[in-house]
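# Observations on the three-dimensional arrangement
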Amino acid sequence: QVQLVESGGGLVQRGGSLRLSCAASEHYAMGWFRQAPGKEREFVASIAYSGSLTRYGDSVKGRFTISMDNAKNTVYLQMNSLKPEDTAIYYCAATQNYGLPIIERERYHYWGQGTQVTVSA
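Residues numbered from 1 in each chain as written. Predicted model: local features only at pLDDT ≥ 70, side-chain atom pairs only at ≥ 80, totals over all residues. Heavy atoms only, no water.

For the rest of this paragraph, the subject is the pairing of strand 7 (residues 64-69). Burial along strand 7 is one-sided: Phe64, Ile66 and Met68 are buried, while Thr65, Ser67 and Asp69, pointing the other way, are not. With antiparallel pairing between neighbouring strands as the criterion, strand 7 and strand 8 (residues 74-79) make up a hairpin whose turn holds 4 residues, including Asn73 at a positive phi of roughly 50°. (Buried < 20%, exposed > 50% of the residue type's maximum accessible area, 1.4 Å probe, protein only. Helix = DSSP H or I, 4+ residues; strand = E, 2+ residues; numbered from the N terminus. Pairing = 2+ DSSP bridges.)

The following block contains the structure:
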């Protein structure tokens, strides 16, 4: 059974940084999504199985960086210059896809439990 274990969420002030981690039981193409109260789950970033290609949502480009440690089957989301509008539950996701980074939520097969990120004004 695939397991995704997230960590690293918390409370931070505007302009601060956080790093999220997601450890998988196997190597996959991975992505991060987020969901704020009353809103749909939104694409944040994804990384291809190879670890060499990435994609980002428009709202986080230039501020967030996704990376992967293949040896640890772990994906990271470094979040800098955080804004109150980044407040959400962040979910990592995995897909058995070997092509380009996936941005569509429905193409991910496995999901983590979510970790809360709160950015104060």
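According to the stated counting rule, one finds 1 disulfide in the structure shown. Here Cys22 engages in a disulfide with Cys92; their sulfurs sit 2.0 Å apart. Looking along the S-S bond of the Cys22-Cys92 disulfide, the torsion reads about 45°, which is the right-handed sense. Placement of the pair is Cys22 in strand 3 (residues 18-24) and Cys92 in strand 9 (residues 88-95), with a sequence separation of 70 residues. Both residues of the pair, Cys22 and Cys92, count as buried. (Disulfide = S-S within 2.5 Å.)

In this section: the nonpolar core. Core analysis: the largest hydrophobic core is formed by 28 residues, its most contacted members being Met30, Trp32, Leu77, Met79 and Tyr90. For this core, the secondary-structure elements that each account for two or more residues are strand 3, strand 4 (29-35), strand 5 (42-47), strand 7, strand 8, strand 9 and strand 11 (115-120). Beyond its immediate stretch of four places on either side in the chain, Met30 contacts Leu4, Cys22, Ala24, Ser46, Ile47, Ile66, Met68, Val75, Ala93, Ala94 and Tyr108. Phe33, Ala93, Ile102 and Tyr108 belong to the second-largest nonpolar core, a separate cluster that totals 5 residues. (Core = buried A, V, L, I, M, F, W, Y, C linked by side-chain atoms within 4.5 Å. Contact = heavy atoms within 4.5 Å.)

Let us now look at the sheet that holds strand 3. Across a sheet, strands are paired by hydrogen bonds formed along the backbone, either parallel or antiparallel in direction. The strand order 1-3-8-7 describes an open sheet built from 4 strands, whose pairing is antiparallel. At either margin of the open sheet sits one strand with a lone partner, and together these are strand 1 (4-7) and strand 7. Recorded for the sheet is a direction-independent mean angle of 15° between the axes of neighbouring strands. As paired strands, strand 1 and strand 3 are joined by 4 bridges and run antiparallel to one another. Each residue of the ladder has a partner; that of Glu6, found in strand 3, is Cys22. (Axes fitted to C-alpha atoms, helices over the stretch in contact; angles between N-to-C directions.)

This part covers the pairing of strand 5. Residues in a regular strand project their side chains so that they alternate between the two faces of the sheet. Burial analysis of strand 5 places 5 of its 6 residues in the buried class, the great majority of the element. Across 5 bridges, the pairing between strand 4 and strand 5 is antiparallel. Bridge assignment links Trp32 to a residue of strand 5, and that residue is Ala45. Bridging between strand 5 and strand 6 (residues 54-56) involves 3 bridges; their strand directions are antiparallel. Bridge pairing in strand 6 links Ile47 to Thr54. The hairpin turn running from strand 5 into strand 6, its antiparallel successor, is 6 residues long, and Gly51 in that turn takes a positive phi close to 80°.

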